[in-house]
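Inside the fold
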Amino acid sequence: MINDKAVTKPKKKKQFKSDFLFALPYGVVFFVFVILLIFISIALSFTYYDTINVPRWVGFDNYVTLFTRDSEFMQYALPNTLKYGLIVGPCGYLLSFFMAWLLAQVTKPVRTALAVILYSPSLTSGVMMAVVWKVLFSGDSRGYLNALLINWGLISAPIQFLQTPGWIFGIMIFVGLWSSMSVGFLAMLSGILNINKELYEAAYIDGMKSKWQEIFYITIPSMKPQMLFGAVTAITGTFNASGMATTLSGSTPSPQYAGWLITDHMNDYGFGRYEMGYASAISVVLLLIVMLFYFVAKTLFTEKEQ
Amino acid sequence: MATNSLKKRKRSRITGTMINPTHFDKSQIKFILAVLPLAILMLLPIVYIACHAFKPYSELYAYPPKFFVKRPTLDNYISLFRLTSQAGVPLSRYLFNSLIQAAGVILISLFFGSLAAYSFVFCQYKGKKLLLSLNQLAIMFIPVAVAVPRYLVMSKLGLINNYASLIVPLVAIPVGVFLMKQFMDQIPKELVDASKVDGANKWQIYWNIVIPLIKPALCTVAILAFQSAWNNTEAANLYVNDESLKTLSYYFATMSLGSSSIAAQGMSAAATLIMFLPNLIFFLIVQDQVMNTMAYSGMK
């Protein structure tokens with residue numbers, strides 16, 4: 001036995017070195033398509049780059065322009081993104097949690113059927129679904145919603161849902177919430193189902209009285225890790241949205257930049273005008289906003305050492 | 001004493017013991033009724049596509065518009081196929097490209113990802129902690145934000161106009177590695193140690209012991225990879241110029257953008273259904289495994 005160890009020791013040291021090879025293939029792809037891209041974004045954001053000439057260093061010029069002279073960004077892209085993020089993110093998240101909580105209290109066959117229905121909108125691709133929204137909200141009387149409202153006598157003339165800025169943004173939020181129950185929803189459902197039942201019983205013996213107390217004192221604290229995962233998927237799902245407004249309205253930019261998001265602004269500069277440096281500055285701002293949301297969620301749902 | 005047990009019975013009726021019930025009870029009806037309106041609302045657009053895709057022209061033109069289909073036909077699918085054959089590239093070619101893309105992304109992301117997850121759980125090496133925490137942070141990475149540098153890197157690497165350009169940019173799925181790692185954390189270390197004693201090397205442990213045990217996580221990551229590949233239009237749009245290398249999702253997306261007539265609506269609905277159904281069917285097949293994996297999705 002002792003002999004064995006003595007023999008394997010140097011071999012173990014050799015293995016020590018080769019262990020990283022397991023992580024290498026993923027590490028390379030991860031480095032190139034995640035880490036490197038973020039660094040290139042940051043680096044390019046300080047340059048002027050038109051994809052033909054060599055990037056020219058311009059310091060903070062892009063950021064200064066972005067925040068002082070780019071009125072489309074300050075007036076539409078930034079506030080729209082924040083508004084969209086603050087509405088769709090938390091609302092979709094709360095909806096996911098609430099639905100997961102309700103579904104956890106019914107039997108498995110019913111739960112599975114309803115969970116699949118709630119989850120399936122997140123399986124659709126945004127661009128493809130635009131067709132449906134266009135017909136449902138179409139501005140002529142042939143649009144389903146208009147036809148319905150006229151039929152019920154609520155309105156006399158069709159509403160131009162897809163050409164009116166307020167409506168475009170409203171529809172975007174509706175669509176965002178519609179497809180918000182993604183993997184995070186499944187994670188939270190699974191989290192609730194796996195909470196130790198004895199915790200509830202103990203709490204009731206200790207004097208807990210209502211379902212609300214149950215949610216806030218047992219359910220949420222017991223599944224904070226899943227809550228954080230759900231929050232992260234809600235954030236990424238929300239901010240990954242792009243091109244909704246232009247597909248809905250059928251014009252680029254959308255009427256009066258309605259529903260114009262930072263991603264749209266970025267794609268417009270990057271692939272429409274080939275100002276890659278400026279587009280990179282926009283994407284850095286977006287990444288910072290996502291980080292901000294992430295850290296808020298993290299402080300809310302991380303176990304504090306007590 | 002008697003009041004105490006009475007209280008207890010009352011308690012257990014309203015407590016969390018009702019979570020995950022095994023039998024149906026009247027008290028569950030209120031929960032079902034609470035979910036049902038939202039479930040119906042969320043289902044409506046999908047039912048609508050399914051109906052619209054099978055409507056004959058007369059019903060597509062009908063005024064006032066009807067929600068449900070009365071006389072279902074395959075007309076929309078036939079004109080969809082005819083449209084693509086006019087374009088010179090048959091629909092089957094786009095489908096083939098999409099399948100290659102999806103299969104490539106699934107296989108490579110599962111293989112690379114599970115290897116990395118395995119190294120996180122069962123190996124020791126320099127930089128492991130750093131890579132692990134970077135991967136954790138990257139779960140909230142939004143690919144849309146770095147479309148510009150991704151395009152630049154793809155062209156610098158020469159990954160333009162081939163199948164690799166459809167697959168490679170989608171292979172890194174940080175959340176997938178995270179889920180597989182979480183699942184591997186549940187594997188008893190004794191099991192791995194025992195096979196080490198039996199003389200298995202790290203590769204054998206990975207392939208013969210760990211991989212069979214994490215099948216639910218593999219299924220989950222497979223469906224995540226499938227969704228991201230199947231719905232992806234960016235790769236076919238930016239990294240591929242050759243029409244015969246474009247994918248189904250890209251073709252349908254650009255097709256639906258260009259048309260506004262009512263006949264095109266039926267075709268678009270048919271296309272949307274074609275894109276949606278594989279996602280749904282795939283999820284239905286693996287949904288038990290997905291729920292199983294999600295139990296370990298907690299982030300600290």
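So, the overall build of chain A
Looking only at helices and strands, one finds 15 helices and two strands in chain A. Relative to a compact globule of 306 residues, whose C-alpha radius of gyration would be 19 Å, chain A shows 25 Å and is clearly more extended. Going through the 306 residues of chain A one by one, you find that 47% of them count as buried. Within chain A, contacts between residues separated by at least 24 positions form 68% of all contacts whose residues are at least 6 apart in sequence.

As for the overall build of chain B
Helices and strands together make up the secondary structure of chain B, namely 15 helices and zero strands. Taking 2.2 N^0.38 as the reference for a compact globule, 300 residues should give roughly 19 Å; the C-alpha atoms of chain B span a radius of gyration of 25 Å, well beyond that estimate. Summarising the internal contacts of chain B: among those between residues at least 6 apart in sequence, 77% fall at separations of at least 24.

As for unusual backbone geometry
A cis geometry characterises the amide bond from A:Thr252 onward to A:Pro253, with omega recorded as -10°. With respect to the secondary-structure elements, A:Pro253 resides in the loop between helix H13 (244-249) and helix H14 (262-272). We note that B:Asn20 has phi near 50°; this positive angle belongs to a residue other than glycine. Positive phi is not limited to glycine here, since B:Asn161 has a value of about 65°. When you line up the elements, B:Asn161 lands in the loop between helix H7 (147-156) and helix H8 (163-167).

Some points on the interface of chain A and chain B
With 88 residues of chain A in contact, the opposing surface of chain B contributes 87 residues. The greatest single-element share of the side of chain A that touches chain B, amounting to 18 residues, is contributed by helix H2 (residues 20-44) of chain A. Broken down by class, the residue content of the side of chain A that touches chain B amounts to 58 nonpolar, 23 polar and seven charged.

Some thoughts on the environment of A:Leu82
Relative to the assigned elements, A:Leu82 resides in helix H4 (residues 71-103). Here the alpha-carbon distance between A:Leu82 and A:Trp167, two residues 85 residues apart in the chain, equals 17 Å.

Quick notes on the packing of helix H2 (residues 29-52) of chain B against helix H15 (residues 262-294) of chain B
Residues and elements named next belong to chain B. Orientation of H2 relative to H15, taken along the N-to-C sense of each, is 120°, at an axis distance of 8 Å. Considered as vectors, H2 and H15 are oriented oblique to each other. Of the two elements, H2 crosses H15, and the hand of that crossing is left-handed. Contacts between H2 and H15 involve Ile49, Ala50 and His52 from the first element and Gln265, Gly266, Ala269, Thr272 and Leu273 from the second. Residue classes in the contact of H2 with H15 are distributed as four nonpolar, four polar and no charged.

Focus on the environment of A:Lys224
Take A:Lys224: it is sitting in helix H12 (residues 224-239). Separated by 77 residues in sequence, A:Lys224 and A:Phe301 have C-alpha atoms that sit 5.4 Å apart.

A word on the nonpolar core
Among the nonpolar cores identified, the biggest contains 172 residues, and A:Ala100, A:Leu103, A:Ile282 and B:Val221 are the most heavily contacted of them. If sequence neighbours within four positions are ignored, A:Leu103 has contacts with A:Arg111, A:Leu114, A:Ala115, A:Leu189 and B:Val35.

Here's the deal with the confidence of the model for chain A
Residues with a pLDDT of 70 or more make up 93% of chain A, whose mean pLDDT is 88. Here residues 1-10 of chain A is modelled with pLDDT under 50, and outside its nearest four sequence neighbours on either side it reaches zero contacts, counting other chains as well.

Remarks on the packing of H4(A) against H14(A)
All names here are of chain A. Where H4 contacts H14, the two axes come as close as 8 Å, and the packing angle between them is 135°. Compared by their axis directions, H4 and H14 come out oblique. Contact residues: H4 offers Glu72, Phe73, Ala77, Leu78 and Thr81, while H14 offers Ile262, Asp264 and His265. Partitioned by chemical class, the residues of the contact of H4 with H14 number four nonpolar, two polar and two charged.

A word on the confidence of the model for chain B
All names here are of chain B. On average, chain B scores 88 in pLDDT, and the residues at 70 or more come to 92%. Taken together, the stretch residues 5-12 has pLDDT below 50 and engages in two contacts with residues farther than four places along the chain or on a different chain. Interface confidence for the predicted complex, given as ipTM, is 0.88, next to a pTM of 0.89.

Rules behind the numbers
- Residues numbered from 1 in each chain as written.
- Chains lettered and ligands numbered in written order.
- Predicted model: local features only at pLDDT ≥ 70, side-chain atom pairs only at ≥ 80, totals over all residues.
- Helix = DSSP H or I, 4+ residues; strand = E, 2+ residues; numbered from the N terminus.
- Rg over C-alpha atoms; globule rule 2.2 N^0.38 Å.
- Buried ≥ 20, exposed ≤ 12 C-beta atoms within 10 Å, placed from the backbone.
- Contact = placed C-beta atoms within 7 Å.
- Nonpolar A, V, L, I, M, F, W, Y, C, P; charged D, E, K, R; others polar.
- Axes fitted to C-alpha atoms, helices over the stretch in contact; angles between N-to-C directions.
- Parallel < 35°, antiparallel > 145°, perpendicular 65-115°, else oblique.
- Left-handed = near helix turned anticlockwise from the far one by under 90°.
- Core = buried A, V, L, I, M, F, W, Y, C linked by C-beta atoms within 7 Å.
- pLDDT = per-residue confidence, 0-100.

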